[in-house]
Amino acid sequence: MKTSDKKDSVWQAVERILDSYLEMNNHRKTPERYTILKAVYSTDGHFTLDELGAKLANEYRFPVSRATLYNTLNLFMELRLVIRHRFHGTTKYEACYADNNHCHQICTVCGKVTEVRSPEISQAINEMHLKRFRKDGYSLYIYGICSTCQAAITRQKNKAAPHKGTEKEKEKHKN
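Notes on the structure follow. (Residues numbered from 1 in each chain as written. Predicted model: local features only at pLDDT ≥ 70, side-chain atom pairs only at ≥ 80, totals over all residues. Heavy atoms only, no water.)

1. Observations concerning unusual backbone geometry
Next up, step 1: Phi is positive for Asn 26, which is not a glycine, with a value near 55 degrees.
Next up, step 2: Positionally, Asn 26 belongs in the loop between α1 (3-24) and α2 (31-41).
Next up, step 3: A residue is classified by how much of its surface remains accessible, and Asn 26, at 72% relative accessible area, is exposed.
Next up, step 4: Positive phi values are uncommon outside glycine, yet Arg 80 reaches one of about 60 degrees. (Helix = DSSP H or I, 4+ residues; strand = E, 2+ residues; numbered from the N terminus. Buried < 20%, exposed > 50% of the residue type's maximum accessible area, 1.4 Å probe, protein only.)

2. Description of the side chain of His 46
Next up, step 1: Mapping His 46 onto the fold places it in the loop between α2 and α3 (49-58).
Next up, step 2: Side-chain polar atoms of His 46 contact the side chain of His 104, separated by 2.9 Å.
Next up, step 3: Beyond its immediate sequence surroundings of up to four residues, His 46 is in contact with Glu 51, His 85, Phe 87, Lys 92, Tyr 93, Glu 94, His 104, Val 113 and Glu 115. (Polar contact = N/O pair within 3.5 Å; in protein donor to acceptor, adjacent residues only side chain to side chain. Contact = heavy atoms within 4.5 Å.)

3. Quick notes on the packing of aromatic side chains
Next up, step 1: Tallied over the full model, the rule gives two aromatic pairs.
Next up, step 2: Taken together, a centroid distance of 5.8 Å and an interplanar angle of 75 degrees make the contact between Phe 87 and Tyr 141 edge-to-face. On the criterion of sequence distance, the pair formed by Phe 87 in strand β1 (residues 82-87) and Tyr 141 in strand β5 (residues 138-144) is long-range, its members being 54 residues apart.
Next up, step 3: When its relative accessible area of 3% is taken as the criterion, Phe 87 is described as buried. (Phe/Tyr/Trp six-rings, centres within 6.5 Å; stacked < 30°, edge-to-face > 60°.)

4. Re the packing of α2 against helix α4 (residues 66-78)
Next up, step 1: The N-to-C vectors of α2 and α4 enclose an angle of 70 degrees; their axes lie 10 Å apart at closest approach. In terms of orientation, α2 and α4 fall into the roughly perpendicular class. In this structure, α2 uses Glu 32, Arg 33, Ile 36, Leu 37 and Val 40 to contact α4, whose residues at the interface are Thr 68, Leu 69, Thr 72, Leu 73, Leu 75 and Phe 76.
Next up, step 2: When grouped by side-chain class, the residues that make up the contact of α2 with α4 number seven nonpolar, two polar and two charged. (Axes fitted to C-alpha atoms, helices over the stretch in contact; angles between N-to-C directions. Parallel < 35°, antiparallel > 145°, perpendicular 65-115°, else oblique. Nonpolar A, V, L, I, M, F, W, Y, C, P; charged D, E, K, R; others polar.)

Everything listed here is a matter of coordinates, which is why it stays silent on function.
Next comes the structure, spelled out in structure tokens:
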């Protein structure tokens, strides 16, 4: 299946879920809800409320209030169409209908978040038997230091370290 076909089928599925919920609960099918849903599912990766608001205003020419965004994302979380993460003191959201299972590696220095695919972790969780609980998905957070920050820390340590060597070498460096 082509990527565009997969995105279309995901979009149709999430739109049906929203339609069904709104109809069953006698809620209005507002253009705001559907435009926000489309913007969420056309975003790759994680986004903040502000980033989503800017995307709606700039790309869709459809500005909505922060309250509308917040309330709509809460509805989408209730429907399990969106997941909320707390990364490095920031709240980010992510479309999750087609991918409920994944890991994140988070740099504790710069806050960079990268998604990690691990068939071993997925297999272990799928095989895990939990009492009186049905698994729907998982998110795993792995904290550490990214290679960019590790290199910067090493450079700082090397600059700060006093030059070691013999007295002759120290004299040579002075002159």
